[in-house]
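# Examining the three-dimensional arrangement
Take a look at the letters that make up each chain.
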Amino acid sequence: MTTYLEINKKQVNEEKWEEPFYLNMGPQHPSTHGVLRLFLELEGETIVNCTPIIGYLHRGVEKLAETLNYNQTIVLSDRLDYIASAANNTAFALAFEKLMGLEVPRRAKLLRTIVCEMARICNHLLWLATHALDIGAMTVFLYCFRDREWLLNIYEKICGARLTHTYVRIGGVRQDFTQEIIDELYKFTEEFPPRIYDYETLIDVNRIWLKRTKGIAVVSAEDAINLGLTGPVLRGSGVPYDVRKFRPYDAYGEVDFIVPTGKNGDTYDRYRVRMEELRQSNRIIRQCLDKLSETEGEPVLAENAPDLLIPEKVRKPEPKPVPKKGVIFKGEEVPVVPPGEAFASIESPKGELAVYVVSDGSGKPWRLRVRTPSFVHISAIPFMAKNHLIADLIAIIGTLDIVLGDSDR
Amino acid sequence: MRILEKALLIEILKGLALTLRKMLFARPVTIQYYDKVRPIPAPGFRGRHALVRDEKTGDTLCIACLRCVKVCPSRCINIEYETDPETKKRKIVKYEIEALRCVYCGYCEEVCPVNAIVLTEYYEYIGFKREDLFFDKEKLLKNWDEFIVTQKRPYLNPFWKPRGIPEKFLPAKKREFTGV
């Protein structure tokens, strides 16, 4: 296989520049949303071939998780998709709860659903802002960040952090909402739909937007399934697959919402799907807030949830000899967490996020595997970018909604 | 009709009208930092670390149980202690936090059985050298003194006693705790 390095060297050494033309886009290109590097083979300005090169943000999350206990692993999950960290927390916590056989209280389920949907709105707002900015609409960027800031302020009140929440914990959530937060969220859900309308006024029928998005990167339903695409990208092609509907987790089974789908599978349809999802998320938050009043005063953590400090090894407790009271922990080792394996997947804002964990009985995961949507979506870039212009590649990266922290792990 | 709309740039004019309306009638949401400081962060914001100063002894409350050391995901806490041979009580000699390693998850303050450590709501701190953000015991106690004068007493950090957590999960001392 001739590597990109060899090709580059050859090109530099020879004086004459010949077709095809090779170009490196990234890893420091402002439009590649982080440290994505694309090696392009060009014919004029048309992309003949495209090779994504990733790994610039690799931190070894999966290996690192093997040295940390289950609650500490949730802290790592914040750093995967740092735009919607509440969704990552939930995926990890769901897998660990399945492993330990915990039942989460209803109030905690509702709270998780609310923070997950807030994360979805946060993510889609940031996506819309950067996508529009890449294509050339500046005002949308400013408006979206204004509204995202509001949600981040609410997050700050909920859990004390704006970006890396660590709010979800095994067996529930870390703390309850206050009345102040609930009131503010009600206010947000009331004021948000008109704002979505504002964004649409700016770009929905704008002729520049339509020219840049309609008919760009068309993916048929069959291709989308074959490429392993999930989330809004798959739904834009007309496949109504949504984990929230197919395998409801948390409180999604009891709320009412629609899964929006597109028709043509182009960039514009994916944009429409995400805009509709913003509205549906708003609806879900509203319904969950109404349900919160039913569970007033209930605990937010399961009775048999593990402590934050999960020990590595535990020995069998034995009663002490009679004069001294209490128990001593000696004798054979007993498993802290039941040995076995568990799999959980959620609908993260970017697509299906799945966690597979294997336990050997100690307090740490023996193996942890994360299936992140961004990684799969990056692998679809070569297919989508073929025979498009370089300018359209920017739109394709934007429409896939990639976060490199998510893909490189 | 479609052609007329297109020729007259109706959709672009609509967008321009929206931006003009926002420009004239909406208030700016940006803050001119540093002239105008952002409103105080919400209670429980996970900011600069501090060790709570015991008002009776003037020293820290820490009992060197090492729970914070064990729970820290980034392993940024380092404690050295000595044991009194007579009373069998532990006393800390060294308490160090490397703030540059810290991920601000707040687990340490949640597991502390005596509420000795806290992530204060103070967030405007910088250092010109790495050592400036390497907090030893004296610096941590100083952080607390700086922070507590800006707060209403008694002060209770939400993570010392998380809302809605069953009492079973709290150590005995934390259950009746109402603040310092």
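Residues numbered from 1 in each chain as written. Chains lettered and ligands numbered in written order. Predicted model: local features only at pLDDT ≥ 70, side-chain atom pairs only at ≥ 80, totals over all residues.

## A look at the overall build of chain A
- Tallying secondary structure elements over chain A gives 16 helices and ten strands in all.
- Taken against the 2.2 N^0.38 rule, which gives 22 Å for 409 residues, the C-alpha radius of gyration of chain A at 24 Å falls within 12% of a compact globule.
- Seen through its principal axes, chain A has C-alpha atoms that stretch 95 × 55 × 35 Å.
- The buried share of chain A, taken over its 409 residues, is 48%. (Helix = DSSP H or I, 4+ residues; strand = E, 2+ residues; numbered from the N terminus. Rg over C-alpha atoms; globule rule 2.2 N^0.38 Å. Buried ≥ 20, exposed ≤ 12 C-beta atoms within 10 Å, placed from the backbone.)

## Regarding the overall build of chain B
- Summing up its helical and strand segments, chain B has six helices and five strands in all.
- By the compact-globule yardstick of 16 Å for 180 residues, chain B is too spread out, its C-alpha radius of gyration being 25 Å.
- For chain B, the spread of C-alpha atoms along the principal axes amounts to about 95 × 45 × 30 Å.
- The burial tally for chain B puts 28% of its 180 residues in the buried class.
- Long-range pairs, those at least 24 residues apart, make up 71% of the contacts in chain B between residues at least 6 apart in sequence. (Contact = placed C-beta atoms within 7 Å.)

## A few points about the pairing of strand E10 (residues 365-371) of chain A
All names here are of chain A.
- Summarising the sheet, strand E9 (residues 351-359) and E10 pair through six bridges and their orientation is antiparallel. Bridge pairing in E10 links Val357 to Leu368.
- Turn length for the E9-E10 hairpin, with the two strands adjacent in sequence and antiparallel, is five residues, and the turn residue Gly361 shows positive phi of about 100 degrees. (Pairing = 2+ DSSP bridges.)

## As for the sheet that holds E10(A)
Residues and elements named next belong to chain A.
- Spatially, the three strands line up as an open sheet ordered E8-E9-E10, and their pairing is antiparallel. The strands lining the two open edges of the sheet, one partner per strand, are strand E8 (340-348) and E10. Taking the axes of each pair of neighbouring strands and ignoring which way they run, one obtains an average angle of 15 degrees across the sheet.
- This element, helix H4 (residues 85-100), spans E8 and E9 of the sheet and lies at about 150 degrees to E8. (Axes fitted to C-alpha atoms, helices over the stretch in contact; angles between N-to-C directions.)

## Quick word on the nonpolar core
- Counting 133 residues, the largest nonpolar core has Val140(A) and Leu51(B) as its most contacted members.
- Sorting elements by how many residues they give to this core places helix H5 (residues 106-135) of chain A first, with 16 residues.
- When residues no more than four places from it in sequence are discounted, the contact partners of Leu51(B) are Thr60(B), Cys62(B), Tyr95(B), Ala116(B), Ile117(B), Lys137(B), Leu140(B), Leu141(B) and Trp144(B). (Core = buried A, V, L, I, M, F, W, Y, C linked by C-beta atoms within 7 Å.)

## Re the UniProt feature "binding site: [4Fe-4S] cluster 1" (unreviewed entry) in chain B
All names here are of chain B.
- When the UniProt feature table is mapped to this numbering, "binding site: [4Fe-4S] cluster 1" (unreviewed entry) covers Cys62, Cys65, Cys68 and Cys112. In three dimensions, the annotated residues from a span of 51 residues occupy one location, with a maximal C-alpha spread of 10.5 Å.
- What Cys62 contacts, discounting residues up to four positions off in sequence, is Leu51, Ile92, Tyr95 and Ala116.
- What makes Cys68 buried here is the crowd of 23 C-beta atoms within 10 Å.
- Ignoring sequence-local partners within four residues, the contact set of Cys68 consists of Ile77, Cys108, Val111, Cys112 and Ile117. (UniProt positions renumbered as here; feature names shortened; annotations may be inferred.)

## What about the sheet that holds strand E3 (residues 46-53) of chain A?
Residues and elements named next belong to chain A.
- The strand order E1-E2-E3 describes an open sheet built from three strands, whose pairing is antiparallel. Looking at which strands have only one partner, the edges of the open sheet turn out to be strand E1 (21-25) and E3. Between one strand and the next, the sheet's axes are offset by a mean angle of 20 degrees, whatever the strand orientation.
- Across seven bridges, the pairing between strand E2 (residues 37-43) and E3 is antiparallel. The residue bridging Glu43 from the neighbouring strand is Thr46, located in E3.

## Some remarks on unusual backbone geometry
- For the bond running from Arg153(B) to Pro154(B), omega is -10 degrees, close enough to zero to count as cis.
- As for its position among the elements, Pro154(B) is in the loop between helix H5 (137-148) and helix H6 (172-175).
- Non-glycine residue Asn387(A) carries a positive phi angle of around 60 degrees.
- You can see Asn387(A) is positioned in the loop between helix H14 (381-385) and helix H15 (390-400).

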